Amino acid sequence: MSLIEFEGRSVIVTGAGGGLGREYALVLARHGARVLVNDLGGGVSGDGGSTSMADAVVAEIKAAGGQAAACYDSVATPEGGRAIVSAAMDAFNQVDAVIHNAGILRDRSLASMTPDEVDGVLDVHLRGGFNVTIPAFARMKEAAYGRIVLTSSSSGLLGNFGQANYGAAKTGLVGLAHVAAIEGARHGILANVIAPGARTRMTEGLLGPEMDQLLDPAQVAAMAVYLASPQCTQTHEIFSAGGGRFARYVLGLNDGWYAPQHPASPDDVLQHIDEIRDLDTLQVYESGADEMAVLRRMAVAAGMLPAPS
Ligand SMILES: NC(=O)c1ccc[n+]([C@@H]2O[C@H](COP(=O)([O-])OP(=O)(O)OC[C@H]3O[C@@H](n4cnc5c(N)ncnc54)[C@H](O)[C@@H]3O)[C@@H](O)[C@H]2O)c1
């Protein structure tokens, strides 16, 4: 008997016809979830399309005694996103969790990147996140329960040469997840981000033979499935998973330097840049409003605002 249990729950996995999404779908089904296997069935750059990838994963789940339905719509349009959520409602009558995992690559260094390369990648990753999350969030709000998992990447969170379009889209999804977590809190909806690392067609030839061997996509599924599960209690967080290592990313904010004279000049910034950058006071906050609380505290300490009564 597993601690993680999806009995009676239905989960949408976008891009579940191969790579990481397929692993997520298989592990979810093994834990009792009814899985909507969404995949456009195209190439790694988003070209083409077919029903065979999603169908193969559904067949694999059913052959193992699990429950799954296929859906071939693209996450890249609002209509596609609505169709994916409708397909889950038609098949299972509820949407308990969404793992937005679909993705493509159109790498190019910044100086030569074309608008098509930017749009195509933003459409699938970032707009795809909205296209699927918005209709799913509405269903979850009605049910007063939901789990949203969005897929980021070290390519955006930390940066990677030739992936400005992809990195920006992947980091944009963090903003979507943070706000979904804040808005979802009162409705029983948790939202988190996974930043995976795995040997898939997307990373083919990039990792080298040793890391290729280590980075089995099956190693990532545990984290994605946990975040989608009823047993998950975290929200508003970003997790790294790959090769057997599980970790947490944070966006921190330090206290910085409070200028005694206002407005501060560029010379002041130059003279205090080390204090501004110092990470000794780094903290992880819950919302944008918390930054205002830090400012208020420092302004009160500097005598610029009255102490709260
Ligand atoms: N593999 C890694 O190391 C790694 C690292 C960081 C992030 N990621 C992210 O993990 C996710 C899964 O990637 P992967 O490595 O398994 O690659 P993959 O290419 O094997 O899987 C992506 C899947 O998404 C599907 N897809 C693409 N466009 C779609 C669309 N418009 N609508 C529906 N489905 C669509 C593809 O057909 C494919 O099956 C992606 O979001 C990727 O950016 C992967």
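For the structure itself, look to the data block above.
These notes cover the structure that comes with them. (Residues numbered from 1 in each chain as written. Predicted model: local features only at pLDDT ≥ 70, side-chain atom pairs only at ≥ 80, totals over all residues. Heavy atoms only, no water.)

Description of the site of the ligand
Working step 1: Taken together, 31 residues sit near the ligand, with Leu-20, Asp-39, Asn-101, Tyr-166 and Thr-200 positioned nearest.
Working step 2: Residue Val-75 places a main-chain N or O atom 3.1 Å away from a nitrogen atom belonging to the ligand.
Working step 3: Separating an oxygen atom of the ligand from a backbone N or O atom of Ala-198 is a distance of 2.8 Å.
Working step 4: In isolation the ligand offers 820 Å² of accessible surface; the protein chains occlude 97% of this area.
Working step 5: Put simply, the parts of the chain that give the shell around the ligand at least two residues each are helix 1 (19-30), helix 4 (115-143), helix 6 (164-184) and strand 6 (189-197).
Working step 6: Looking at the shell around the ligand residue by residue, the class counts come to eleven nonpolar, 16 polar and four charged. (Near = heavy atom within 4 Å. Polar contact = N/O pair within 3.5 Å; in protein donor to acceptor, adjacent residues only side chain to side chain. Areas by Shrake-Rupley, 256 points an atom, 1.4 Å probe, with all protein chains shown as cover. Helix = DSSP H or I, 4+ residues; strand = E, 2+ residues; numbered from the N terminus. Nonpolar A, V, L, I, M, F, W, Y, C, P; charged D, E, K, R; others polar.)

Section: the pattern of salt bridges
Working step 1: Going through the model one piece at a time under the given rule, you end up with nine salt bridges.
Working step 2: Across the salt bridge formed by Glu-60 and Arg-22, the nearest N and O atoms sit 2.8 Å from each other. In this pair, Glu-60 sits in helix 2 (residues 52-63) while Arg-22 sits in helix 1, placing the two residues 38 residues apart along the sequence.
Working step 3: According to the relative accessible area criterion, Glu-60 is partly exposed, its value standing at 33%.
Working step 4: Ionic pairing is found between Asp-216 and Arg-199, a salt bridge with its closest N-O pair at 4.0 Å. Taken together, the residues span a long stretch of sequence, with Asp-216 in the loop between helix 7 (209-214) and helix 8 (218-228) and Arg-199 in the loop between strand 6 and helix 7 at a distance of 17 residues.
Working step 5: Of the residues examined, Arg-199 reaches a relative accessible area of 33% and is grouped as partly exposed.
Working step 6: Through salt bridges that share partners, Arg-22, Glu-23 and Glu-60 make up one connected network. (Salt bridge = Lys/Arg side-chain N within 4 Å of Asp/Glu carboxyl O. Buried < 20%, exposed > 50% of the residue type's maximum accessible area, 1.4 Å probe, protein only.)

Describing the nonpolar core
Working step 1: Grouped together as the largest cluster of nonpolar side chains are 38 residues, with contacts concentrated most on Ile-12, Leu-36, Ile-84, Val-95, Val-98, Met-140 and Ile-148.
Working step 2: Contributions of two or more residues to this core are made by strand 3 (67-71), helix 3 (78-92), helix 4, strand 5 (146-151), helix 6 and strand 6.
Working step 3: Those residues in contact with Val-98, other than ones at most four positions away along the chain, are Ile-12, Val-132, Ala-136, Met-140, Arg-147, Ile-148 and Val-149.
Working step 4: Counting residues in hydrophobic clusters, the runner-up holds 36 residues, among them Val-13, Leu-26, Ala-54 and Phe-239. (Core = buried A, V, L, I, M, F, W, Y, C linked by side-chain atoms within 4.5 Å. Contact = heavy atoms within 4.5 Å.)

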